[in-house]
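What follows is the residue order along each chain.
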Amino acid sequence: MSIERIGCGPRMSDAVVHGNTVYLAGHVADAAKGKSVTEQTRDILAQIDETLAEAGTDKTKVLSATIYLADISTFAEMNAVWDSWVPQGNTPARATVEAKLAAPAYTVEIVMVAAR
C-alpha cells in the first residue's frame, strides 16, 4: 500500500494518507494566532476542510478528533464553533483535553483521522 504525504515539510506533513485512511497533523490557527478561541477554532476548521479536500475526503468522513485546549474553561466557546461545523449524523469519536500548546498565542489545536 502506498503512502501519500500532503504538505510535507522538514519536520512534519499536514496529512499522511495510507490506504483509505487520512491522518491529519495537529492544526493550529495561522490567520487567527493570538485571537480568541472562537476565531482560532474557525481558522483551524477551515484549514482542516482544505486539508481533507486535498486528501480526497471531507468532514463527513472524519473518524476521530482530538482537541487540545490551552485552557479547558474555554470548552463551551470552542464547542459553539465545533457544533456549527460538524455534520450532524456524521459526528466523529472525539476527546478534548487541556494541554500546554507550542506557543502562548495558540489556544486550540485539533488532530483528526478520516476515511477517504
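A quick note: this is a predicted structure, and the numbers were derived from the prediction, not measured.

K.L.:
Would you mind showing me how to read the pairing of strand β2 (residues 15-18) here?
P.N.:
Side-chain direction in a regular strand flips from residue to residue, so the side chains alternate between the two faces of the sheet. Burial along β2 is one-sided: A15 and V17 are buried, and none of V16 and H18, which face the opposite way, are. Two strands pair when backbone bridges link them, and strand β1 (residues 3-6) and β2 are joined in this way by four bridges, in the antiparallel orientation. Bridge pairing links I6 to A15 in β2. One ladder, built from four bridges, connects β2 with strand β3 (residues 21-24); its direction is antiparallel. Looking at the pairing, H18 lines up with T21 of β3.

K.L.:
Help me understand the pattern of salt bridges in this model?
P.N.:
Any two side chains of opposite charge can pair, given that their charged atoms come close. Tallied over the full model, the rule gives one salt bridge. Measuring nitrogen to oxygen at the nearest pair gives 3.4 Å for the salt bridge that ties E4 to R116. Taken together, the residues span a long stretch of sequence, with E4 in strand β1 and R116 in the segment after β7 (108-115) at a distance of 112 residues. The exposure class assigned to R116 is partly exposed, which follows from its relative accessible area of 35%.

Reading the values: rules and limits
- Residues numbered from 1 in each chain as written.
- Predicted model: local features only at pLDDT ≥ 70, side-chain atom pairs only at ≥ 80, totals over all residues.
- Heavy atoms only, no water.
- Buried < 20%, exposed > 50% of the residue type's maximum accessible area, 1.4 Å probe, protein only.
- Helix = DSSP H or I, 4+ residues; strand = E, 2+ residues; numbered from the N terminus.
- Pairing = 2+ DSSP bridges.
- Salt bridge = Lys/Arg side-chain N within 4 Å of Asp/Glu carboxyl O.

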